[in-house]
Amino acid sequence: MQKLFAFLVFIFCALTLYLTSSNMGMKWITRDRYSRVGAFGADKYLYGDLYGLTYLSKFKKVKDTNFVSMPAIDQKANSDTAKLFILGDSYLYSFFKEDPRYYVGINEVQFIRWSVANPVEINPFKNKKNILLIESVERNMSGLFNLNSVKARLDRVEVAQSKLNTRQKIAFFTSEIDRVIKENLYHQSLEANIEFAWFNFGFWESLKEFKADFNLNFFGRVDKEVAISKDQNFLYLAETINPANVGSSFSDISEVQIKTQVTELNAIQDYYKARGFDEVIFSIISNPVSVLKTENRPDNQLIQRIKSHPDFKGKLMDATEGLSKNASSNFFTSDSHWNQRGAKIWLDQLNSQLKNSVYLGN
Amino acid sequence: MVFNSLQFLVFFGIVTSAYFLLAHKYRWALLLLASCYFYMAFVPIYLGILGLTIVIDYFAGIYLERFQGGAKKIFLGCSLLANLGVLAIFKYYFFFTDNFNSLASYFSVPVQFPVFNFLLPIGLSFHTFQAMSYTIEVYRGNQKAERNFGIYSLYVMFYPQLVAGPIERPQNLIHQFYEKHVWDTDRVKSGLLQMMQGFFKKVVIADRLAMVVDPAYANLSSQSSLNLIIASIFYSFQIYCDFSGYSDIAIGASKVMGFKLMNNFNAPYTATSIPDFWRRWHISLSTWFKDYVYFSLGGNRVSVPRWYINIMIVFILSGFWHGASWNFVIWGALHGLFQLMGLTLNRVFPNLAADQRNSVAGIWLYRLFTFLLVTIAWVFFRIPKFGDIQIYFRQLVQGTFSDPISLAFNANELLFSILLIVGLYLFDLKRDKIKVDSVQLFWPIMVGLAFLIYFFGVFNLKQFIYFQF
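Residues numbered from 1 in each chain as written. Chains lettered and ligands numbered in written order. Predicted model: local features only at pLDDT ≥ 70, side-chain atom pairs only at ≥ 80, totals over all residues. Heavy atoms only, no water.

*Asks:* Describe the sheet that holds strand 3 (residues 129-137) of chain A, naming the residues involved and giving the relevant values.
*Replies:* All names here are of chain A. One open sheet holds the 5 strands; their spatial order is 2-1-3-6-7, and the pairing between them is parallel. At either end of the open sheet lies a strand with only one pairing partner, and these are strand 2 (106-113) and strand 7 (315-317). Averaged over neighbouring strand pairs, the angle between their axes works out to 20° when direction is ignored. In this sheet, strand 6 (residues 279-285) lies alongside strand 3 in parallel orientation, the contact comprising 7 bridges. Paired with V137 across the bridge in strand 6 is I285. Relative to the sheet, helix 10 (residues 255-274) contacts strand 3, strand 6 and strand 7, its axis offset from that of strand 6 by approximately 145°. (Pairing = 2+ DSSP bridges. Helix = DSSP H or I, 4+ residues; strand = E, 2+ residues; numbered from the N terminus. Axes fitted to C-alpha atoms, helices over the stretch in contact; angles between N-to-C directions. Contact = heavy atoms within 4.5 Å.)

In C-alpha cells form, the structure reads like this:
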C-alpha cells in the first residue's frame, strides 16, 4: 500500500516536472487549459494580466483577445515597396499579427521581441526600403532604449575567444557551463509553470478571489506588483505609479537624464542608418496611468520632453494625444495593456508616419 | 532551490517517493544526485568548489586515520587549510583586501592588494563547517574515516541541511546513511507536520514581518522612533521565524525519509539570560564553536581573565562566521560583552540573581531584559553600514511617535502581526506540552495549517536570510 502511494506521488511529481520543464509541455497544458471553460479552464489571462496577478473579483472583466482588425486597405500598399523590422513588446505582438497588410506601404514584416532568448542578426534588403521600428512601453524604455541593449537583440555577435585574456576566458567558460546546466536542468520559468499547471484552474478561482478580496478589504493591500487607481476603476502595474521606480510616470527625471536618453536614441539611429536602414522610427507607448490621469498629480512628461529636446534628431512616435481622447475606452481596466481601440489609434498614427516615410520620403 | 517554492514541493515529492521505491543499496546515490540537483539550482558551477573540498577532506580523513603524531597533524592542517582557504577566498578576501588597502592608503603605504569580490556560494559557511567537523572528529578518534566516497559526499551535501544547516556532526549523520529506513506512517506524518510548521513560520510570519522591516531599514532617516522600535522587534521575530522555519523544514523533510537531524532552536526568546539564549539559538553552530573552539582554547578551566578572553574570541568568531563585515563582528562582540557582564554580575551579586530567577515576575523580567539585549544586537546584524547605524540610533532617540501605519501595514495587519508574534511566543513557552506533531491529529492540523498558509501566507519566494552565510 505504501509502495503504491509512493509510486503515485512519484508519477504525479515527475510528470509535473517533465511537463513544466519543457516548452512543448507548457504549450500543451496552456492550449488545453484555455480551450476549456469553467472549472477546468484557465483563468489567469482571460480577464487581464493584472487580474491574473491580483484576482480581485471587482476587476474580473472578460478581455477581448482577438487581434486588431486590419486597417482599410491602401492601394499603394500592394506594391513591392518596403520591409519593416519591428523590435517591440507585448503592446504590439499581442495585438497585431506579423502581417504586412497592417502597415501602409510595407510588404514584409519581421518582428523581434525584446524578450528574445537568442539574438537575431537582422540585415536590411538591398533592393527595398528598410525601416526599423523600435518600440517600448514607457516603463521599460530607459532600460531598453540604448545602443547596447538594441544591439544585444539585433546584432548577434560571436565572442571571439582569442581576444579574451585568461581571466575573461575563465569567466566566459564558467558562465557558459552555468548557462548550459541551467538551461537543460532548470526551466527559467519553472516556478511560474508549476503554478500554472497546478493552480490555474477555474475551480480555484473563487478561493483566490476570496483571499484577494479579504486582503484588500481587511489588510488594505493587493499584490505588490499591482496598484488600484485613485478612482478605483483601473488596475495598474505598481512600478508605473511608485515614483521610486525609474519606469514610473511620476519618477523625478532630470534634464541631464533626458539629454542622456536623447544621446542614446541618436546613437541607435546613427548606428542602424550606417548599417543600411533607410529610416529608424522610435515609438514610446505611454504608461496607461500617464494617459488616464487618474492619480491627480502631474507626471514627468518623459515622452514629450524627449521629443521636443533640441538635440533629438530622430523620429519619435507618440500616441499619447490620440489615446488621451476618451482615454478610459482605450485601455482594459484589469490589464497592463491598451485594448484594441487603443492599439488601433497607435496603428493609425504609425501608418500616417509610414505613408510619409515610404511614399514621400519624409 | 528555496524551500518556500513549488519547485521544492515537486522535488521533495520525487526524491522522497523514489527513496522509498528504491532498494536500500541505491538510496545514497539517489540522495547524492538529488542534493547535487538541489544545489545546482543556485549557481551550478559552485558545485565544483564543493566537490574540491569534499575530495580533499575525504582523503584527509583516510590519511588522518592511517597516520599518527606529526603526520596526522599535517593532514588535519591540510584539510582545515583547504576548507578555511575556500572560505577565505570566497567570503573574506574582499573584506581583508578592502580593509588593508584602506589602511594602507590612510598611512600612505604604497601597497595595494587587487580587489576581487567573488559571488559567495550559497551556504558556504554551513557546509564548510560541517566538513571541518568531520576531519576534526576523525583526528580526535571519535569518528572512523568514511571509505565510501559517495557516502562522505552525501554527508557534506545532504540536501535538507546543505545550505543553512543544522550543521551536523559525522557521528550523528554518517551512520544513518547506512541504516535501512522503512516507511513508518507515524514518522512520515510527524515529519510532514514539522515541515508545515516551518512553512507557516516562513511565509505567514517571517515574510509578513519583512514587509514592515525591509522598507523601514531601507529608509532609516524617514522613520519615527516608534516605527524603528516596531521594525526592530519585528526583525527579531522575522529572523527567528525565517531561520527556525528553514530548520523545521530541513528536519521535517529528513524525518520523512527516516533521518534524524539535530535540533537547531529551542524557544530562544524565552531565554532568561544571554548564555541561555545561546543554548536555544542556532544550537548546531553554538555547539560547534563550543566543541571545536571554546574547549580548544581551554573553556572555563583557565584563569578568569583568560576565560573572559575565550568567550570574546568565540563570539567575535561567531559574528565573523556570519559575514565578512564589521557589523557582524560587532554583533558577535556585543553578545560576548553581554555574556561577560552577566557573568560579572552573577559573581558580584550571586544571591540577588538566584532570588529573582525563582519568582515569576523575576523570570519575566529576565526574559524581557534578555530579549531587549538580543534585539539591540540584531540592529547591528541587520544594518551593514556604520553611517546607517548612526542614523538608526539618532532617529530612535528623537522620541518621535508618528502613526506606525505609515509603515507598510494598516492597523488590522499590524494587529494581526502582533497576534502572530504573541501566539508564537505562547507556543514556544508551552512547546513541551503542546504536541503539534501529534500524528493522531495529523489531518486536522495539516489541513488547518495549509488553509492558514494559503490565506495568510505572503508568497514572494523571498530567500531565507541565512542563505547568505
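*Asks:* I'd love a proper account of the domain arrangement of chain B, names of residues and values included.
*Replies:* Residues and elements named next belong to chain B. Along its sequence, chain B is organised into domain 1 (6-180) and domain 2 (186-468). A C-alpha centroid distance of 26 Å is found between domain 1 and domain 2. Counting residues at the interface gives 39 residues for domain 1, matched by 39 residues for domain 2. Roughly 3,300 Å² is buried in total at the junction of domain 1 and domain 2, and carbon and sulfur atoms are behind 68% of that figure. Among the residues of domain 1 in contact with domain 2, F95, P166 and R169 are the three that bury the most area, contributing 17% of the side total. Across the contact surface, domain 1 and domain 2 share 1 salt bridge. The closest approach of N and O atoms between D291 and R169, which form a salt bridge, is 2.9 Å. (Domains from an automatic or database assignment. Buried area = accessible area lost by both parts, 1.4 Å probe. Salt bridge = Lys/Arg side-chain N within 4 Å of Asp/Glu carboxyl O.)

*Asks:* An account of the environment of B:F11 is needed here, citing residue identities and associated values.
*Replies:* Residues and elements named next belong to chain B. Note that F11 resides in helix 1 (residues 6-21). The spatial distance from the C-alpha of F11 to the C-alpha of L365 is 46 Å, given a sequence separation of 354 residues. If we ignore the near neighbours within four places in the chain, the residues touching F11 are M1, A34, Y37, F38 and Y159.

*Asks:* Can you break down the pairing of strand 6 of chain A residue by residue, with the values?
*Replies:* Residues and elements named next belong to chain A. Counting buried positions along strand 6 yields 7 of 7 residues, so the element is predominantly enclosed. In strand 6, alternate side chains face the same way, and those of E279, I281, S283 and I285 on one face and V280, F282 and I284 on the other are all buried. Inspection of the sheet shows strand 6 paired to strand 7 by 3 bridges, in the parallel sense. Counted as the bridge partner of F282 is L316 from strand 7. (Buried < 20%, exposed > 50% of the residue type's maximum accessible area, 1.4 Å probe, protein only.)

*Asks:* Any chance you could break down the side chain of B:E168 for me, citing the residues and the numbers?
*Replies:* Along the chain, B:E168 turns up in the loop between helix 6 (149-157) and helix 7 (170-178). This buried residue, B:E168, is left without a salt bridge; B:R169 holds the nearest opposite charge, at 6.4 Å. (Lys, Arg positive; Asp, Glu negative; His and termini not counted.)

*Asks:* Run through the packing of aromatic side chains, naming residues and quoting values.
*Replies:* Under the counting rule described, the total for this entry stands at 105 aromatic pairs over all chains. With a centroid separation of 4.8 Å and 35° between ring planes, the pair formed by B:F416 and B:F456 is classed as tilted. Taken together, the residues span a long stretch of sequence, with B:F416 in helix 17 (residues 411-429) and B:F456 in helix 18 (residues 442-456) at a distance of 40 residues. Above the face of the A:F201 ring, A:R33 is positioned so that its terminal group lies 3.8 Å from the ring centre. (Phe/Tyr/Trp six-rings, centres within 6.5 Å; stacked < 30°, edge-to-face > 60°. Lys NZ or Arg CZ within 6 Å of the ring centre and 35° of its normal.)

*Asks:* I'd like a rundown of a nonpolar patch on the surface, residues and numbers included.
*Replies:* Residue and element names in this part refer to chain B. A surface patch of nonpolar side chains, amounting to about 720 Å² of accessible area, comprises F100, L103, Y106, F107, V109, V111 and F113. Structurally, the position occupied by F107 is in the loop between helix 4 (69-106) and helix 5 (124-140). Residue F107 is classed as exposed on the basis of its relative accessible area, which comes to 57%. (Patch = residues over 30% accessible without salt bridge, like charges linked within 9 Å, V, L, I, M, F, W, Y side chains within 5 Å. Areas by Shrake-Rupley, 256 points an atom, 1.4 Å probe, with all protein chains shown as cover.)

*Asks:* Quick rundown of the interface of chain B and chain A? Include the residues and the values.
*Replies:* Facing the 36 residues of chain B at the interface are 36 residues of chain A. Interface of chain B and chain A: buried area, both sides summed, is about 3,200 Å²; carbon and sulfur atoms make up 69% of it. Linking chain B with chain A are 1 salt bridge, by the criterion used here. A salt bridge links A:R221 to B:E413; the shortest N-O distance between them is 2.5 Å. Taken together, chain B and chain A are joined by 13 residue pairs in polar contact (both at pLDDT 80 or more). In terms of residues, the side of chain B that touches chain A owes the most to one element, helix 1 of chain B, which gives 10 residues. Taken together, the residues of the side of chain B that touches chain A break down into 25 nonpolar, 9 polar and 2 charged. (Polar contact = N/O pair within 3.5 Å; in protein donor to acceptor, adjacent residues only side chain to side chain. Nonpolar A, V, L, I, M, F, W, Y, C, P; charged D, E, K, R; others polar.)

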